[in-house]
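Breakdown of the fold
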Amino acid sequence: MLASSNCYTAILIVKGETSWNCGTRSKKPSASFAYYPDVLELASNSDALIVCCSLTQETYHIINEEVMRALGKRGVVVNVGRGPLIDEARMVEWSVHGDLGGAGLDVFEHEPKVPKELLGLDNVVLSSHCAVITPESFQAVQDLTVNNLIAFFANKPLVSVVQFQ
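Residues numbered from 1 in each chain as written. Predicted model: local features only at pLDDT ≥ 70, side-chain atom pairs only at ≥ 80, totals over all residues. Heavy atoms only, no water.

**Overview of the overall build of the protein chain**
Check the secondary structure of the protein chain and you find four helices and six strands. Counting the 165 residues in the protein chain, one finds 35% classified as buried. Taking as baseline every contact in the protein chain between residues at least 6 positions apart, the subset at least 24 positions apart corresponds to 58%. (Helix = DSSP H or I, 4+ residues; strand = E, 2+ residues; numbered from the N terminus. Buried < 20%, exposed > 50% of the residue type's maximum accessible area, 1.4 Å probe, protein only. Contact = heavy atoms within 4.5 Å.)

**Focus: helix α4 (residues 135-153)**
Counted at 1.5 Å a residue, the expected span for α4 with its 19 residues is 27 Å, and the 27 Å between its end C-alpha atoms agrees. Where α4 ends, the next residue or the one after it, N155, has phi of about 55°, a positive value. (Expected span 1.5 Å × (residues − 1).)

**Overview of the confidence of the model for the protein chain**
Scored by pLDDT, the protein chain comes out at a mean of 82, with 84% of its residues at no less than 70. Here residues 1-21 is modelled with pLDDT under 50, and outside its nearest four sequence neighbours on either side it reaches 67 contacts, counting other chains as well. (pLDDT = per-residue confidence, 0-100.)

**Quick notes on the nonpolar core**
Nonpolar side chains in soluble globular proteins tend to end up buried together. L49, I63, V77 and M91 are the most contacted members of the largest nonpolar core, which has 24 residues in total. Looking at this core, the elements with two or more residues in it are α1 (39-44), β3 (48-51), α2 (65-71), α3 (88-96) and β5 (102-105). (Core = buried A, V, L, I, M, F, W, Y, C linked by side-chain atoms within 4.5 Å.)

**What to know about the environment of D38**
Positionally, D38 belongs in the loop between β2 (21-22) and α1. Within the structure, D38 has its side chain in polar contact with the backbone nitrogen of L40 (distance 3.1 Å). (Polar contact = N/O pair within 3.5 Å; in protein donor to acceptor, adjacent residues only side chain to side chain.)

**With respect to the pattern of salt bridges**
Throughout the structure, instances matching the rule amount to three salt bridges. Here E65 ties to R69 by a salt bridge, and the two come within 3.5 Å at their closest N and O atoms. One end of the pair is E65 and the other is R69, both in helix α2 and four residues apart, which spans about a single turn. Here E65 falls in the partly exposed class, since its relative accessible area comes to 30%. (Salt bridge = Lys/Arg side-chain N within 4 Å of Asp/Glu carboxyl O.)

**Structural notes on the environment of G72**
Within the fold, G72 resides in the loop between α2 and β4 (76-79). Residue G72 is classed as buried on the basis of its relative accessible area, which comes to 14%. Setting aside anything within four residues of it in sequence, one finds G72 in contact with D99, L100 and G101.

**Brief notes about the packing of aromatic side chains**
Applying the stated criterion across every chain yields a total of one aromatic pair. The interplanar angle of 80° and the centroid separation of 5.0 Å between the aromatic rings of F152 and F153 together place this pair among those described as edge-to-face. Under the relative-accessibility criterion, F153 is labelled exposed at 64%. (Phe/Tyr/Trp six-rings, centres within 6.5 Å; stacked < 30°, edge-to-face > 60°.)

Below you can see the structure in the form of structure tokens.
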């Protein structure tokens, strides 16, 4: 098997439709979308894979050469999860030779290094990973810091305590 089932809830697919489908851990009778038991079958039935699952031993290189072959020359893979979810060396090779339709990446296998071969490709979009860089997230960090400082200097319990092991 290519991957643990814990990743399927985080892989979205499109197959020539206007609506999004979503892979799941197991077949759901109430779900209106197709169920694919593994990533290879999912890729075989998809125009695009959007990968946003956590990186584990089971999901390392979940998007490998077999999956890219299944996506083919018109398939697109987007990784907004962790760099090593994709076998980057194979993806670079497939993208350069036109064997993969495209890629959208805001994470890379060997960050902060971005493969130079990807920089000039028209079928690849690269972005910095900045999902939490919003005014709201900065305000939340500021509020938390201020509240922790107020609690500390008032000899009260901190709002967020870091446990060192």
